[in-house]
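# What the coordinates show
One-letter residues, chain by chain:
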Amino acid sequence: MADLADDVIGRASAGDIAAFEEIYRYHAGMVYRVALRMMARVEDAEEVTQQVFISVHKHLKSFNGKSSLKTWLYRITVNCSLNTLKARKRHVEVAWVEGFDPEDTHDNVRETLTRGEIHQQITDLLEEITPDQRACILFRTQEGLSYEEIALTLGINVNTVRSRLKRAREALLTARTRKGVAV
Amino acid sequence: MNCQQTQDLLLTDFLDQQTNPEQQLQVHQHLKDCSVCREQWASITAVDATLKNVPSPDGPSPYVWERIADKVQARPASWLDVVQENLAGLIEGFKPAWGYGSFVGAMLVVLVVVLPLVVQQQHQAATADREYLLQLVYADDKNAGDGDVSDSGFVVDHLL
Ligand SMILES: [Zn+2]
């Protein structure tokens, strides 16, 4: 994909909707991908993508450049996803209290990535780790961010990144052994 | 370097290529001599490969952009946005020191801002009522041809 023009943020913040659409086309795939891996459900990932870009539009004037926009997008995508997961957890707890079958809720929650085998595999794997660990693993393994970039994006220090990655990988290894699957 | 130290590095810096040359040499040396850690390394790289080899999803449906475009075009920045943003910023600002107190802080600010407005509004309403009654009483006095506004004012205050 062609790189974004240098003045695209300026044009978008001046009200040029075509420029804003360029920003969307360029970054939406990344935002959606992170959101989907964080939450495993297409509806949630699309909702978060929408929230993120409406927020971007409101704050266009505060971005210094394209790199600050990208860091900010990663951060807000993870934060919106964490909020959605918290809300969903509350929802599941309420459903349990009200006597719904929790198994049904569970199936509904992770309906989408089960379509392909690979997606099933990754969904199962990522469910083994906490959302905070998941964000670190995604940024490192799938987005290719360095420890420093992850720290900056999530507003945590490098040693926290390191320990979350370590715990996440330990949990993934344990799950792999337990399930006896060739992942 | 013992097994624990080695495996800590295998799970983090070594896998992520963040080790310095000296650490790298030590890890390689340990792996050469230790079959347990070699096996662990094979598992770690297998899991990492699984995560890395997942194909990217197709991307959001076209409706997502349509909804975003509708919202950002239909709703230019309003005073409500400004209030929301400032309130969010305020809550964010309180977070490190206050934790859940941020909510209390925001509520206090709302009280400080809104309460005077409410009080002022009630005062204005009371003043309007007073003037209205004053008019009635004053008109009666005028009809009587012997008006004393200050006395009438006292009466009105008493009524309110
Ligand atoms: Zn060893």
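In this text, all values refer to a predicted model and were calculated from it rather than measured experimentally.

Residues and elements named next belong to chain B. On the protein side, the zinc ion has C3 (SG), H30 (NE2), C34 (SG) and C37 (SG) as donor atoms, found 2.1 to 2.3 Å from it. Given four donor atoms and angles of 100 to 117 degrees at the metal, the environment of the zinc ion is assigned as tetrahedral. Among the residues examined, C37 registers a relative accessible area of 0% and is labelled buried.

Looking now at helix α2 (residues 17-39) of chain A. Residue and element names in this part refer to chain A. Along its length, α2 shows its largest kink, about 50 degrees, at H27. Capping of α2 at its N-terminal end is provided by D16; its side-chain oxygen lies 3.0 Å from the backbone amide nitrogen of A18. One or two steps after α2, the chain reaches A40, where phi turns positive at roughly 70 degrees.

Residues and elements named next belong to chain B. By the secondary structure assignment, F14 is in the loop between α1 (3-11) and α2 (21-33). Residues F14 and H28, spaced 14 residues apart in sequence, show a C-alpha to C-alpha distance of 9.9 Å. Not counting chain neighbours up to four residues away, the residues in contact with F14 comprise L9, T19, Q24, V27, H28 and W41.

A low pLDDT means the predicted coordinates there should not be read in detail. All names here are of chain B. For chain B, per-residue confidence averages 74 on the pLDDT scale, and 58% of positions sit at 70 or higher. Looking across chain B, the model is least confident in helix α7 (residues 149-159), with a mean pLDDT of 41, and most confident in α1, with 97. Within the model, the stretch residues 136-160 combines pLDDT values under 50 with 20 contacts to residues more than four positions away or in other chains. Under the prediction, the complex receives an ipTM of 0.79, its pTM being 0.67.

The rules behind each value
- Residues numbered from 1 in each chain as written.
- Chains lettered and ligands numbered in written order.
- Predicted model: local features only at pLDDT ≥ 70, side-chain atom pairs only at ≥ 80, totals over all residues.
- Heavy atoms only, no water.
- Donors = N, O, S within 2.8 Å, 3.2 Å for Na, K, Ca; no water.
- Tetrahedral: all angles 85-135°; square planar, octahedral: opposite > 155°, others 65-115°.
- Buried < 20%, exposed > 50% of the residue type's maximum accessible area, 1.4 Å probe, protein only.
- Bend = angle between axes of the 7 residues up to and from the residue.
- Helix = DSSP H or I, 4+ residues; strand = E, 2+ residues; numbered from the N terminus.
- Polar contact = N/O pair within 3.5 Å; in protein donor to acceptor, adjacent residues only side chain to side chain.
- Contact = heavy atoms within 4.5 Å.
- pLDDT = per-residue confidence, 0-100.

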